Amino acid sequence: MTRLASALRALAATAATLLAVTAAAPGASGATSTSEAPGSSGGGSRTSRPTAPEEFVALPTVAPTIIQEIRYTTPHNFVGERIDGYDQPLCILTRPAARALQRAQSKLLRQGYSLKVYDCYRPQRAVDHFVRWAKDLTDERMKPEFYPQVDKSRLFTDGYIAEKSGHSRGSTVDLTIVKLPAKPTLPYLPGEKLVPCYAPQGERFRDNSVDMGTGYDCFDTLSHTDDPRIQGGQRANRQLLKSTLADAGFTNLPEEWWHFTHKPELFPDTYFDFPVSWRSVLGR
């Protein structure tokens, strides 16, 4: 219990420090007026950029101990570059989804684990970026890691890419579990040798997640949550994530072990396009 308490205090202190630093960054706070509806598209100027509805919150303000590793602010993703609309590495969710994650986190902390989010709310402009990339069949720079066995021309047909995403409604999150004390995830260096996302944990990208059998955003049937080829500790880890989140009101997408949606959704039919940034939730 003493070791767990120490780990919790350290994790909370780190999260609080990151929250304070990010909130103090230029443009992170201060009121921002907007002439656009919250779900409208287009970046606009500083005074016209869309902001989040009041029902959205930054996850660190609700659950500061949850680790954030927002992949789409980095070039380490299936596109190979920072994705449009990801201005800052921040998880934004509807308030009920964020509170539900906090409940799940509390349960996992007692078992010596922490949640880690890869992606939360996703602006429509980011989805549009994915679509443009998927239609460019000449750009396969990240294929060796993220879709080594899938022909890029089939990404739409096979359901890996779509023109709309549940993430844009604000109640869907991509996440994993990390064993405490959390080891750092070493940075991705553009140009480094890429290893298939389904390779053994010691060979694929050095993520600090528990072994889920594949890496995040792995375009392969091995990513299906209940794929029968995933057994032993890998299957147990997936089931721990799935059952913990189910108890908090989340439903898993069977094709992606990392993808969960909190139900009922506040905005089941609305696809928002405000940027991922502190300013979107604090400057309204």
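Scroll up to find the structure this text is about.
Residues numbered from 1 in each chain as written. Predicted model: local features only at pLDDT ≥ 70, side-chain atom pairs only at ≥ 80, totals over all residues. Heavy atoms only, no water.

Trainee: Please provide a residue-by-residue account of the state of the cysteines, values included.
Mentor: The tally for this structure, following the rule as stated, stands at 2 disulfides. Across the disulfide from Cys 91 sits Cys 120; the S-S distance is 2.0 Å. Taking the sign of the S-S torsion, -105° for the link of Cys 91 and Cys 120, the bridge is left-handed. Taken together, the positions of Cys 91 in the loop between β2 (67–68) and β3 (92–94) and Cys 120 in the loop between β4 (113–119) and α4 (124–135) put the pair 29 residues apart, joining distant regions of the chain. The disulfide bridge from Cys 197 ends at Cys 218, spanning 2.0 Å between sulfur atoms. Note on the Cys 197 and Cys 218 pair: the S-S dihedral is about 65°, so by sign convention the disulfide is right-handed. (Disulfide = S-S within 2.5 Å. Helix = DSSP H or I, 4+ residues; strand = E, 2+ residues; numbered from the N terminus.)

Trainee: Describe the packing of helix α3 (residues 95–109) against helix α6 (residues 232–247), naming the residues involved and giving the relevant values.
Mentor: Between α3 and α6, whose axes approach to 8 Å, the crossing angle comes to 130°. Overall, the two elements α3 and α6 adopt an arrangement that is oblique. Relative to α6, the crossing made by α3 is right-handed. Across the interface between the two elements, Leu 101, Ala 104, Lys 107 and Leu 108 from α3 touch Leu 240, Thr 244, Leu 245 and Asp 247 from α6. Across the contact of α3 with α6, the residue classes break down as 5 nonpolar, 1 polar and 2 charged. (Axes fitted to C-alpha atoms, helices over the stretch in contact; angles between N-to-C directions. Parallel < 35°, antiparallel > 145°, perpendicular 65-115°, else oblique. Left-handed = near helix turned anticlockwise from the far one by under 90°. Contact = heavy atoms within 4.5 Å. Nonpolar A, V, L, I, M, F, W, Y, C, P; charged D, E, K, R; others polar.)

Trainee: So what about the sheet that holds β2? Which residues, and what values?
Mentor: Pairing is mixed across the open sheet formed by 5 strands, whose spatial order is β2-β4-β5-β7-β6. Two strands lie at the open edges of the sheet, namely β2 and β6 (250–252), each paired on one side alone. Here 6 bridges tie β4 to strand β5 (residues 172–179), and the two strands are oriented antiparallel to one another. Of the residues in β5, the one forming a bridge with Tyr 113 is Lys 179. Packing against the sheet, α3 makes contact with β4, β5, β6 and β7 (259–262), and its axis sits at approximately 145° to β4. Contacting β4, β5, β6 and β7, α6 crosses the sheet at an angle of about 125° to β5. (Pairing = 2+ DSSP bridges.)

Trainee: Which residues make up α6, and what values go with them?
Mentor: With 16 residues, α6 extends 22 Å from end C-alpha to end C-alpha; this agrees with the ideal 22 Å at 1.5 Å per step. All buried positions along α6 are accounted for by Asn 237, Arg 238, Leu 240, Leu 241, Thr 244 and Leu 245. Buried residues in α6, looked at end-on, bunch into an arc of 155°, giving them a common side. The outward face of α6, more than 90 degrees from its buried face, is lined by the exposed residues Gly 232 and Asp 247. Looking at the packing, one finds that the buried side of α6 touches α3, β4, β5, β6 and β7. One or two positions beyond α6, positive phi appears at Gly 249, with a value near 100°. (Expected span 1.5 Å × (residues − 1). Buried < 20%, exposed > 50% of the residue type's maximum accessible area, 1.4 Å probe, protein only. Arc of directions from axis to C-beta.)

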